[in-house]
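# Structural features, examined
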Amino acid sequence: RARDLGDLDRTVDALDVAMERATTDRERNGADSLRRQVLALRATTNSAPEATYGGVERQMTRLVARFRDDALARRNDADGFGRTLRLAIIVFGCATTVAILILANMLFRSVVRPLRSVVDLVSRGDAEAEQALGARNDEIGQIVRAVTEHRDEEARKILRLELDRQEAQFQGEREANAIQAAAL
């Protein structure tokens, strides 16, 4: 009998510790409720120990089972939340990957392809295609116009240099002819 009362006292102490360590109101309320029930059992056992021992044992068994079931339920809730969180992260990751792939495809279609065609047309010197692309009112049209203007300006510079060289050559020949004519 003393051993049984000691077990009840140790159970009350364990429930006190559980109440102190409880992080939520639900845990504190559950531990407090169990503690009160154990104290009531202990009081019943003190008043009629022989008559109530079987009932106390059954009630203690039920209390321990309830406490264990509550702990398992909390752990299952936490496991369920963890699974839900993992699933949400996976779904979010997949959705983000799909969105990035769609954006990359759109970028490829709207920027890379037109730039490749601009490079091909400019390198081939297709004047009609350059005019058609230059008429566009977007960035591609601006690029084509800038490349065309730059190429035309370079061509004009080369032409000016060639004309200056020819004029200098002509001037040199004229001076040589004038010196030769004066010498005669």
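Residues numbered from 1 in each chain as written. Predicted model: local features only at pLDDT ≥ 70, side-chain atom pairs only at ≥ 80, totals over all residues. Heavy atoms only, no water.

Once that is clear, we can look at the confidence of the model for the chain. For the chain, per-residue confidence averages 76 on the pLDDT scale, and residues scoring 70 or more make up 68% of the total. Mean pLDDT across the elements of the chain ranges from a minimum in helix H1 (residues 2–21), with 64, to a maximum in helix H5 (residues 139–183), with 88. (pLDDT = per-residue confidence, 0-100. Helix = DSSP H or I, 4+ residues; strand = E, 2+ residues; numbered from the N terminus.)

The α-helix advances 3.6 residues per turn, and as a result positions three or four apart in sequence lie on the same side. With 45 residues, H5 should cover 66 Å at 1.5 Å per step; its first-to-last C-alpha distance of 65 Å lies within 8% of that length. Those residues of H5 that sit buried are Ile140, Gly141, Val144 and Thr148. One side-chain oxygen of the residue at the start of H5 lies 3.2 Å from the amide nitrogen of glycine 141, identifying that residue as aspartate 138. (Expected span 1.5 Å × (residues − 1). Buried < 20%, exposed > 50% of the residue type's maximum accessible area, 1.4 Å probe, protein only. Polar contact = N/O pair within 3.5 Å; in protein donor to acceptor, adjacent residues only side chain to side chain.)

Buried within helix H4 (residues 127–134) are the following residues: Ala129, Glu130, Leu133 and Gly134. Burial along H4 is one-sided: seen end-on, the buried residues are contained in an arc of 135 degrees. More than 90 degrees from the buried face of H4, the exposed residues found are Glu128, Gln131 and Ala132. (Arc of directions from axis to C-beta.)

Inside soluble globular proteins, nonpolar side chains tend to come together where they are buried. By size, the foremost hydrophobic cluster in this structure holds six residues: Val118, Leu121, Ala129, Leu133, Ile140 and Val144. Those elements that provide at least two residues to this core are helix H3 (49–124), H4 and H5. Setting aside anything within four residues of it in sequence, one finds leucine 133 in contact with Val118, Leu121, Gly141 and Val144. (Core = buried A, V, L, I, M, F, W, Y, C linked by side-chain atoms within 4.5 Å. Contact = heavy atoms within 4.5 Å.)

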